[in-house]
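The lines below spell out each chain.
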Amino acid sequence: MRKRFSSVCSSSSTEEDSASLYDTVPISAADPPDEQEHPYASLLCCHRVQDSLLSSNSSFTGYRGILNWIIILLVLTHAHLFLENFIQHGYLIDVKKVLEHLIEDNCNWPSVNLILAANMFAVTALLLERSQEKGVLSPVNARRLHLTNLGFLLLFPAAVIVHEPTISTGGAFFSLWFYTVLGMKLYSYQEANRWYRQARLPDAETDNNVSVAQRVHNEHLTLRGLYYFLLAPTLCYQRDFPRTPKVRVNKLLHRLLEMVIVVQIMVAIVQQWIEPIFQRSEYSFSTMDITMRVEHLVGLAAPAHFLWLLFFFLSHSYLNFCAELLRFGDRHFYGDWWNATTLIAFWKNWSIPCQRWCHRHVYTRLVENNVPPSQAELLVFLMSAALCECMIALPLHSCRLWIFFMMVAELLVAVFLGNHFEGNYGNGLVWLCLLLGPPLAVTTYFHDHYISSPHHHHHHHPSSSSPLTSDRRLPGSVFLKPH
């Protein structure tokens, strides 16, 4: 009897487990039917060869509960910041403060005027496309004028930010981000329309309905169509975007509430942790007492939290809010970058709109001009690194190349260490680079900006006040009410 049940157990364990731990588990010989169908076999044979669910060999993928657990831990760890700021300072998002910071005074609105002036570049692109459709401009001249328009679009905000002393740091950041996105959209707009026209040319010789196709194309060259594309959460233009049947109000309110909460947490992090870092910048670490040292080290981790919350706000909450409001159907804004085992895989998945634009309008064009694919990828990466550097350096009026060198260092890590770290080790290396690289580079930029600012020198009184109790403010932290 004992032999009979052991045979049944051995048979059931190997038959049920398709991906066993060991390939050498013996498979029992064919037992008589009465032994395999014994009524007590299911009770006595309770073990079989199988992996733990969280082991690397397991094929288990149901991690939704763990994700909920991480989200709850993240909320709880930041709840004390939210409550402390709400009790001490009330609701921190003051619309009046934001408007005052953007306007600066009653007669000079540099950031607002800069954003409003962007409409002339968009309308110019539309007029050039209409003129080309009517035959007023040749394709060569129209492309030259498009590139000239895009050149002025890029130089105009840079010139205003550099030469306008009244523009704020926050307003400069937002304006430059706005113009960068607009430039990428308008470049895609003119190039996609050129592709549509080229697709009609072969039909002109054989098809008599070319005028119909041209009329259909002209119907898309409207002010409404252009501004829908400019407001849509995408960088790549096409004639007909996928649309959802209706706006789901519950989803819209959910995203709106999500954005309010995330902004509140980011402001709390800035006030509670990031500002004291710069306020203690005149003190060396060796001269701090133990309390100041602990708070300084904790504050160094705060920029990482702030950047990840900002990334979540922009890539998930804000883009999904815009997509729901405009009924934009393609909401694949990011891939599973958190599972990336190499930095290259992360760069391809962290922002699908940016990656799609770079592949469609830069990488593909370079390859078509006989540039080797590896060199084309390198040029696209260096262009992205230079753009990120300008987005940080220009509003701070300081070019230290920290962002550019950080991204180049990550590229070297990906090239020389990527093959040596695979699987979980590769994913750990990716997370290590992400948690150390960008926060350190951005913090260094803002630290240098704060040290060199007149605001810092005006309030530099280390003998009269403690850096923890001083009432200084980090330049650019404009959403905080005064104590």
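Okay, so let's go over this structure. (Residues numbered from 1 in each chain as written. Predicted model: local features only at pLDDT ≥ 70, side-chain atom pairs only at ≥ 80, totals over all residues. Heavy atoms only, no water.)

1. A closer look at unusual backbone geometry
- The phi angle at R327 is positive, at roughly 60°, despite the residue not being glycine.
- Considering the arrangement of structural elements, one finds R327 in the loop between α13 (290-326) and α14 (343-349).
- Given the relative accessible area of 25%, R327 is considered partly exposed.
- A positive phi angle is found at L401, which is not glycine, with a value near 65°.
- Mapped onto the elements of the fold, L401 is located in the loop between α16 (373-396) and α17 (402-417). (Helix = DSSP H or I, 4+ residues; strand = E, 2+ residues; numbered from the N terminus. Buried < 20%, exposed > 50% of the residue type's maximum accessible area, 1.4 Å probe, protein only.)

2. Notes on a nonpolar patch on the surface
- A cluster of nonpolar side chains, namely L53, L54, F60, Y63, I66, W69, I70 and L73, defines an oily patch on the protein surface of about 780 Å² accessible area.
- Position of L54 among the secondary structure elements: in the loop between α3 (41-44) and α4 (64-89). (Patch = residues over 30% accessible without salt bridge, like charges linked within 9 Å, V, L, I, M, F, W, Y side chains within 5 Å. Areas by Shrake-Rupley, 256 points an atom, 1.4 Å probe, with all protein chains shown as cover. Salt bridge = Lys/Arg side-chain N within 4 Å of Asp/Glu carboxyl O.)

3. Section: the environment of I392
- Structurally, I392 can be placed in helix α16.
- Taking relative accessible area as the criterion, I392 reaches 18% and is therefore assigned buried.
- Through-space distance from the C-alpha of I392 to that of W402 is 9.6 Å; in sequence the pair is 10 residues apart.
- Other than its neighbours up to four places away in sequence, I392 contacts F173, I403 and Y445. (Contact = heavy atoms within 4.5 Å.)

4. A short note on the side chain of S168
- On the secondary structure map, S168 appears in the loop between α8 (139-163) and α9 (169-204).
- Within the structure, S168 has its side chain in polar contact with the backbone nitrogen of G171 (distance 3.0 Å). (Polar contact = N/O pair within 3.5 Å; in protein donor to acceptor, adjacent residues only side chain to side chain.)

5. Quick word on the pattern of salt bridges
- Counting across every chain of the model gives 9 salt bridges.
- Across the pair R365 and E191 runs a salt bridge, and its minimum N-O distance is 3.2 Å. Of the two residues, R365 is situated in helix α15 (residues 352-368) and E191 in helix α9; the sequence distance between them amounts to 174 residues.
- Judged by its relative accessible area of 0%, E191 falls in the buried class.
- Through salt bridges with shared partners, a single ionic network connects E191, R194, R365 and E368.

6. Considerations on the nonpolar core
- With 38 residues, the main nonpolar core has Y179, L186, Y189, L226, L230 and W357 as its most contacted residues.
- For this core, the elements supplying multiple residues, two or more each, are α7 (118-133), α8, α9, α11 (223-231), α13, α15 and α16.
- For this core, the element with the most residues is α9, which contributes 7 residues.
- The two domains that each donate at least three residues to this core are domain 1 (46-76 + 251-452) and domain 2 (108-231).
- In terms of nonpolar packing, the next biggest core, distinct from the first, is built from 24 residues, A393, L396, I403 and L411 among them. (Core = buried A, V, L, I, M, F, W, Y, C linked by side-chain atoms within 4.5 Å. Domains from an automatic or database assignment.)

7. Structural notes on the packing of α15 against α16
- Contact pair α15 / α16: the axes reach a minimum separation of 9 Å and the direction vectors enclose 135°. Judged by the angle between their axes, α15 and α16 are oblique. Relative to α16, α15 is oriented so that their crossing is right-handed. On the side of α15, the interface is formed by W357, C358, V362, Y363, L366 and V367, while α16 contributes P373, A376, E377, L379, V380, M383 and S384. (Axes fitted to C-alpha atoms, helices over the stretch in contact; angles between N-to-C directions. Parallel < 35°, antiparallel > 145°, perpendicular 65-115°, else oblique. Left-handed = near helix turned anticlockwise from the far one by under 90°.)

8. Considerations on the environment of G151
- With respect to the helices, strands and loops of the structure, G151 is situated in helix α8.
- Look at G151 and you get partly exposed, because its relative accessible area is 28%.
- Through-space distance from the C-alpha of G151 to that of G183 is 8.9 Å; in sequence the pair is 32 residues apart.

9. Considerations on α8
- Spanning 25 residues, α8 covers 36 Å between terminal C-alpha atoms, matching the ideal 36 Å at 1.5 Å per step.
- Among the residues of α8, A142, H146, N149, L150, L153, P157 and I161 are the ones counted as buried. (Expected span 1.5 Å × (residues − 1).)

10. Observations concerning the packing of aromatic side chains
- The final tally for this structure, using the stated rule, is 24 aromatic pairs.
- Ring centres 6.3 Å apart and planes at 55° place the aromatic pair F156 and Y179 in the tilted group. With F156 in helix α8 and Y179 in helix α9, this pair connects stretches of sequence that are 23 residues apart.
- Overall, the relative accessible area of 29% leaves F156 in the partly exposed class.
- Three or more aromatic residues joined by ring pairs make a cluster, and in this case those are W308, F311, Y334, W337, W338, F346, W350 and W431.
- Across from the ring centre of F229, 4.8 Å away, lies the NZ or CZ of K185, which sits over that ring.
- A cation over an aromatic ring shows up here: R239 above the ring of Y196, its NZ or CZ 4.2 Å from the ring centre. (Phe/Tyr/Trp six-rings, centres within 6.5 Å; stacked < 30°, edge-to-face > 60°. Lys NZ or Arg CZ within 6 Å of the ring centre and 35° of its normal.)

Purely spatial values, then, with no claim about function.
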